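Architecture and fold: a report
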Amino acid sequence: MAEKQGNPEPCKNSHEDPEAPETQENAEKKVEEELPPFEIVSGSRLPAFFFKFQFRNVEYSSGRNKTFLCFVMDLQGKETGVFRGYLEDEHISAHAEEAFFNTVLPECKAGVKYQVTWYMSSSPCVACSERIAGVLKKNKNLRLMVLVGRLFMWEEPEIQDSLRKLKAAGCKMKIMGPQDFDFVWKNFVEQEEGQEGPFVPWEDTQENFLYYEEKLAEILQ
């Protein structure tokens, strides 16, 4: 593979002209300053467009740089109830998994059993895996099942190691199959007017499911 050639650095003058065009570095810094503050988007149903693009279980996920997390939380014991919703990370400074434990379930109360299921567009990164494992080890009354549309950077050794640590902490992980995409479609996606109906699988949905299922099994064996 040919190496990507970097752009040559512009010559730097000791005296900058205040009327000179904005440099690339200053332009990038200006864009960063204009970005809105970090925010986690949450709600009960996500737009169909985002589901169709972000959850698609393609092997190469170019442009899919957000994490969408749909959750079902079943409480039993002193408190009972079933809660559903979704989280979407708006910027890369924090992820939806982190937001779940910061906002939806900041603490697990004694005398309550928590059965939580996540449906995620992609599997957790290393940092999020460590957070999840830590929460599970601390709270023995929490059970977590994570279903993912695709595996995030699964070829990287540190990612593989983090997924094995999740399993060791008691987290169960599976790849989303066509029936799981259909469940999310029915329970978490805004049904567009005139397009209500069952989920229509993408091309190669089943093949990609089997591909990721095999890779996950190899990692967790």
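For the structure, see preceding data.
Described in the following lines is the structure provided in the data block. (Residues numbered from 1 in each chain as written. Predicted model: local features only at pLDDT ≥ 70, side-chain atom pairs only at ≥ 80, totals over all residues. Heavy atoms only, no water.)

1. Notes on the pattern of salt bridges
A side chain with one charge may pair with a side chain of the opposite charge, provided their charged atoms come close. Going through the model one piece at a time under the given rule, you end up with four salt bridges. A salt bridge links Glu98 to Arg131; its shortest N-O distance comes to 2.6 Å. Taken together, the positions of Glu98 in helix H3 (residues 96–104) and Arg131 in helix H4 (residues 126–138) put the pair 33 residues apart, joining distant regions of the chain. Among the residues examined, Glu98 registers a relative accessible area of 26% and is labelled partly exposed. (Salt bridge = Lys/Arg side-chain N within 4 Å of Asp/Glu carboxyl O. Helix = DSSP H or I, 4+ residues; strand = E, 2+ residues; numbered from the N terminus. Buried < 20%, exposed > 50% of the residue type's maximum accessible area, 1.4 Å probe, protein only.)

2. A word on the nonpolar core
Core analysis: the largest hydrophobic core is formed by 38 residues, its most contacted members being Phe100, Tyr114, Trp118 and Leu142. Going through the elements one at a time, strand E2 (68–77), H3, strand E4 (112–120), H4, strand E5 (142–148), helix H5 (157–168), strand E6 (172–175) and helix H7 (205–220) are the ones with two or more residues in this core. Ignoring sequence-local partners within four residues, the contact set of Trp118 consists of Leu69, Cys70, Phe71, Glu97, Phe100, Phe101, Ile132, Leu144, Met145, Val146 and Leu147. Listed in part, the 19 residues of the second largest apolar core include Leu46, Phe51, Phe181 and Val189. (Core = buried A, V, L, I, M, F, W, Y, C linked by side-chain atoms within 4.5 Å. Contact = heavy atoms within 4.5 Å.)

3. Side note on the packing of aromatic side chains
For the structure on display, the rule yields 21 aromatic pairs. Here Phe51 and Trp202 contribute two aromatic rings whose centre-to-centre distance is 5.7 Å and whose plane-to-plane angle is 35°, an arrangement assigned as tilted. With Phe51 in helix H2 (residues 48–54) and Trp202 in the loop between helix H6 (178–188) and H7, this residue pair connects regions lying 151 residues apart in the sequence. Note on accessibility: Phe51 and Trp202 belong to one class, buried. Ring centres of Phe181 and Phe199 lie 6.0 Å apart, and the angle between their planes is 35°; on these two criteria the pair is classed as tilted. In this pair, Phe181 is assigned in helix H6 and Phe199 in the loop between H6 and H7, connecting sequence segments 18 residues apart. The same class applies to Phe181 and to Phe199, which are both buried. (Phe/Tyr/Trp six-rings, centres within 6.5 Å; stacked < 30°, edge-to-face > 60°.)

4. Digging into unusual backbone geometry
Phi at Met153 takes a positive value of approximately 45°, unusual for a residue other than glycine. Among the secondary structure elements, Met153 is positioned in the loop between E5 and H5. Given the relative accessible area of 44%, Met153 is considered partly exposed. For Asp204, which is not glycine, the phi dihedral falls at a positive 70°. Position of Asp204 among the secondary structure elements: in the loop between H6 and H7.

5. A word on the pairing of E5
Counting buried positions along E5 gives six out of seven residues, so the element sits mostly inside the fold. Running through H4, the crossover from E4 to the neighbouring parallel element E5 is right-handed. Judged from the four bridges that link them, E5 and E6 form a sheet pairing that is parallel. In the strand pairing of E6, Val148 is matched with Ile175. (Right-handed = clockwise from strand over helix to strand, strands pointing away. Pairing = 2+ DSSP bridges.)

6. Observations regarding a negative patch on the surface
Side chains of Glu59, Glu155, Glu156 and Glu158 sit close together on the surface and give a patch of like negative charge. Judged by its relative accessible area of 53%, Glu155 is exposed. (Patch = residues over 30% accessible without salt bridge, like charges linked within 9 Å, V, L, I, M, F, W, Y side chains within 5 Å. Areas by Shrake-Rupley, 256 points an atom, 1.4 Å probe, with all protein chains shown as cover. Lys, Arg positive; Asp, Glu negative; His and termini not counted. Charge placed at Lys NZ, Arg CZ, Asp CG, Glu CD.)

7. Concerning the packing of H3 against H4
It is the contact of H3 with H4, at a shortest axis distance of 9 Å, that shows an interaxial angle of 30°. Where H3 crosses over H4, the two elements pack in a sense that is left-handed. Taking contact as the criterion, the partners of Glu97, Glu98, Phe101 and Asn102 in H3 are, on H4, Cys128, Arg131, Ile132 and Val135. For the contact of H3 with H4, the residue count by class is four nonpolar, one polar and three charged. (Axes fitted to C-alpha atoms, helices over the stretch in contact; angles between N-to-C directions. Left-handed = near helix turned anticlockwise from the far one by under 90°. Nonpolar A, V, L, I, M, F, W, Y, C, P; charged D, E, K, R; others polar.)

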